[in-house]
Each structure stands twice: as C-alpha cells, then as structure tokens.
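Residue strings, one per chain:
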Amino acid sequence: MVQSAVSAPVKGSVHQQSFPGEGGPMLTIKARWPQLEGEGRAVRRINRYYDRLFRRCLARWSGSLLDRAGAAKAQGWQVGMDFTVTYYEEGLLSLYIELTEATEGRPRVVRLGDVWELARGTPVALSTLLGCGRRWRNRAMEQVEGQVAQRVGSGECIYYEDWPQLCRQWFSPQRYYLTHEGPVVFYPTETIAPALEGVPAFVLAGEA
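To keep things clear, this report deals only with the structure shown in the data block. Being a predicted model, the structure only gives us computed values, none of them experimental.

## Looking at the overall build of the chain
Thinking step 1. For the chain, the helix and strand inventory stands at 4 helices and 10 strands.
Thinking step 2. Along its sequence from the N terminus, the chain presents helices and strands in the succession β-β-β-α-β-β-β-β-α-α-α-β-β-β.
Thinking step 3. Expressed along its principal axes, the backbone C-alpha trace of the chain runs to roughly 60 × 50 × 25 Å.
Thinking step 4. Across the 208 residues that make up the chain, the buried fraction comes to 44%.

Here it is, written out as structure tokens:
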C-alpha cells in the first residue's frame, strides 16, 4: 500500500501478477511505484526513472526469480515494491522505495532513497544539503557514529562489534532521503547490525 508521511502530488502506478503452481500461487508480484502528477520535462524525467526501476525489478521477478521458484516447486513466494513520500517543500521532493522478496528463508528488504529538485527533475546530492564544505563526509560519519554509540550504550539496539569500521565501509551518500527533521542516511540490512534491526537509519544535522 502506498504510504505518505506528507501530502504531495504523487500517485502510485500499480502492477499485480500471480504465477500459478501446484496447489496455489507459486509467485505473486505486488508493486506500486511513484508517478508525479503534472506536465513538463522535469516531471517526465522523474517518472521515466521510476518506470525504468519497476521494469528492471519486474524483469528479475518474472525471469530468474520465477525460474528459481519453479525449480524449487515453491508455494506462496511474494515480491513487491512500495514507496513513502517523506518531504515535499521548497521545490524539493523526497521519498524512499522498499523492494521486498519473501521467498526462501528470511524476507529480503532493499531500501532506495531519492531527493529531487522539481524544477529541473534532477537528484540533489547529500553534500548539498549538509553543507560543511569539504568536511561534509566526515561530519556525516561523526553523527552516525555518535548515534550508534548512544543506541548501543543504552541497549536500545544491537550492532555488530566492529560497527565503527562497518559504518564507514558501508556508508554511501546515495542511500539517503529527506525529512523535515533533516537528511536521513540508511544502511542495507545486515551490514552494520543484525537482521532484527531492519534498515538502520540516522537523521543528520546540516551546517549550523
């Protein structure tokens, strides 16, 4: 189901498909991906980006993953795509997409984040929002490490013992979205913390 943390002119395109197997559906696809309302080159550019993302996912799901399901005589495998709008203000739109695959073993979740400048239909770099000049990456890592240390110290969360090295190793300025609290950077599941912690996320403050 499409979610929205803020009101924005974004609707969801929908695709649902089931592949039959012995005794019921072998694989079911339920996907919703963002489509901006309105006209203009920037809107078309953003919508094409998400259309291409969906087509790539569908090609995997209905191709190699379906073949795997058939070979395993699978029942009830489910895959999908959904999105949450997190910011729509000052000419910027931000959202994140979650891709899920519930097949063999533990369900797999992949999160993707985007921040768009609506006037041009172009991505906004994390460094632009943080400021801090050339120190933006160091500043971001200091904040992430400080928040992890606080969570570990309070017993709120469980992280791998070598989380200080892993936080730097797995940090990517492409993995972020924007909220009213600030930019949120996140890490893939099971990179800095066990699967039970889901997708670790951290709100960053920009330059004072």
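We are not done yet, so read on.
## So, the pattern of salt bridges
Thinking step 1. Tallied over the full model, the rule gives 8 salt bridges.
Thinking step 2. Across the pair E101 and R108 runs a salt bridge whose closest N-O atoms are separated by 3.8 Å.
Thinking step 3. Residue class for E101 comes out buried when judged on its relative accessible area of 9%.
Thinking step 4. For R120, the salt bridge identified is with E117, shortest N-O distance 3.1 Å.
Thinking step 5. Residues participating in the shared-partner salt-bridge network are R60, E101 and R108.

## As for the state of the cysteines
Thinking step 1. If you walk through the whole model with that rule in mind, you get 0 disulfides.
Thinking step 2. Cysteine C157 remains unbridged, with the sulfur of C167 as its closest cysteine sulfur at 12 Å.

## Some details on the pairing of strand 2 (residues 10-21)
Thinking step 1. Taken together, the 12 bridges between strand 2 and strand 3 (residues 24-36) define a ladder with antiparallel strand orientation. Paired with H15 across the strands is A31, a residue of strand 3.

About the thresholds
- Throughout this document, residue positions are counted from 1 along each chain, in the order its sequence is written.
- Given that this is a predicted model, residues contribute local features only at a pLDDT of at least 70 and side-chain atom pairs are listed and counted only at 80 or more, while totals for whole chains, interfaces and linings are drawn from all residues.
- With hydrogens and water set aside, each side-chain value is computed from the structure's full complement of heavy atoms.
- Counting from the N terminus, the helices are the DSSP runs of H or I reaching at least four residues and the strands are the DSSP runs of E reaching at least two.
- Each residue is assigned to one of three classes by its accessible area relative to the maximum for its type, calculated with a 1.4 Å probe on protein chains only: buried under 20%, partly exposed between the two thresholds, exposed over 50%.
- By convention in these notes, a salt bridge is any Lys or Arg side-chain nitrogen within 4 Å of a carboxyl oxygen on Asp or Glu.
- Disulfide assignment relies on a single distance test, namely cysteine sulfur atoms paired within 2.5 Å.
- By definition, two strands form a pair when at least two bridges between them are found by DSSP.

Spatial relationships are all this shows, so hold off on functional conclusions.
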